[in-house]
Amino acid sequence: MPSNAAAWITGPYASPLVVKEAPYPSPGPEDLVVQTAAVAINPMEYKIQDYNPPIGGRDIQYPMILGSDMAGTIVSVGSDVTRRKVGERVMAHTHGVSIGQPARSAFQHFVIVPEHLATLVPVSFSFEAAAVLPLGCDTAMAGLFVTNQLGLSTAGLGDTDSAPPAPGSALLVWGGSSSVGCCAIQMAHAAGYEVYTVASVRNHGLCSSLGATAVFDHAAPDVEDAIVAALNGKVMVGALDCIVDEEKTVPVCARILARTSGRKKLMMVLSPPDIELAEGVEAQRLSIPSLMGSKTYDTVHAWMTKALDDGTLQPKPDPMVVGEGLGSVQLGLDTIRKGVSAAKVVVRL
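Residues numbered from 1 in each chain as written. Predicted model: local features only at pLDDT ≥ 70, side-chain atom pairs only at ≥ 80, totals over all residues. Heavy atoms only, no water.

### Remarks on the UniProt feature "domain: Enoyl reductase (ER)" (unreviewed entry) in the protein
Per the UniProt entry, the sites bearing "domain: Enoyl reductase (ER)" (unreviewed entry) are residues 14–347 in this numbering. In residues 14–347, helix accounts for 27% and strand for 25%; the two terminal C-alpha atoms are 20 Å from one another. (UniProt positions renumbered as here; feature names shortened; annotations may be inferred. Helix = DSSP H or I, 4+ residues; strand = E, 2+ residues; numbered from the N terminus.)

Right, here's the structure in full:
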């Protein structure tokens, strides 16, 4: 049996992460064991180190292994696994921290991944590129398509039970060059929606290449009026705020929805701030757990596999590889803590 090692957070606020031995995982009947080739770093991981917040409604039990985004190769499978096999290249959004099981977290050499959470990675993709997608895709997927969130049509993604969107249906995505924003633009565009997004000027080309109908400069003093004018004659299906700034993004998104025709629902990647919104606008934090096990999840993940193969889904933003080996995971946390733009921090294992 191979040996395993992980980058552990040993207690609340502990820094740096400690690289040491971890148990070699044993898969359950419907699980895979994946040898990790690359991991991506997300803001929540440095926030756990800095603030020790509850995750998934519970306090974190230390020592813990962090990490949500990973890509690698299947090395063993459980007795009931039927769709995946040893040797396949996969990517996955792992949930070890939220369920209190370190063996199911990404920052280690061998990880347990449920079969249904593993998406095939085309041989044309590097593991570093694939690692940028899983959490961003699941986050966007939840906010856009889950019924009690925006509940957008999945007809364009292959769902024959879903009615296609009406002509002129438009979505606002604030933060289009973020990890979630890049995934949301591509998914909503493929589903048949016009996507209006906001990003730094240097990232307008990226957003347009992913399918955005129009891209606006977040720093322009007239950005709100410009977006409202562009949406004249369109029917809004809602908005997705990938940044959630109570002064700079939330009130502006709400006012745009209030000033345009259509649905007045604003989904956010974080909890709505305690501020008064424009009249008639509803704000809600998106929920990934409500996505898991749903028909929506199966539909969109089936589309993802095909879209990765044909280039419809691109691994964006680009990976920013900051180091190699588990010892570089802390460097990844420190890098994203300082802030990055139109890139996702990745460590090669």
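### Quick look at the sheet that holds strand S2 (residues 18–22)
Hydrogen bonding along the main chain pairs the strands of a sheet, whether they run parallel or antiparallel. With antiparallel pairing, three strands are arranged side by side in an open sheet as S2-S1-S4. Across the chains shown, the open sheet's two edge strands, defined by having one partner strand only, are S2 and strand S4 (64–65). (Pairing = 2+ DSSP bridges.)

### With respect to the environment of proline 102
Locating proline 102 in the fold gives a position in the loop between helix H2 (96–99) and strand S7 (110–114). Along the chain, proline 102 and glutamine 61 lie 41 residues apart, while their C-alpha atoms are 9.5 Å from each other. Those residues within four positions of proline 102 in sequence are excluded, and the remaining contacts are Trp8, Pro63, Met64, Ile65 and Gln108. (Contact = heavy atoms within 4.5 Å.)

### What to know about helix H1 (residues 43–51)
Each full turn of the α-helix corresponds to 3.6 residues, which orients residues three or four apart in the same direction. Considered for burial, the residues of H1 that qualify are Glu45, Tyr46, Ile48 and Gln49. Along the axis of H1, the buried residues cluster in a sector spanning 150°; they form a single face. Residues of H1 that are buried sit in contact with strand S1 (4–9), strand S3 (31–40), H2 and helix H10 (329–338). Once H1 ends, the next one or two residues include asparagine 52, with phi positive near 50°. (Buried < 20%, exposed > 50% of the residue type's maximum accessible area, 1.4 Å probe, protein only. Arc of directions from axis to C-beta.)

### Side note on helix H8 (residues 250–258)
Within H8, seven of the nine residues are buried, which leaves it mostly tucked inside the rest of the structure. Along H8, the residues classified as buried are Val250, Pro251, Val252, Cys253, Ala254, Ile256 and Leu257. Its buried side turned inward, H8 meets strand S9 (169–174), helix H7 (223–230), strand S12 (235–241) and strand S13 (265–268).

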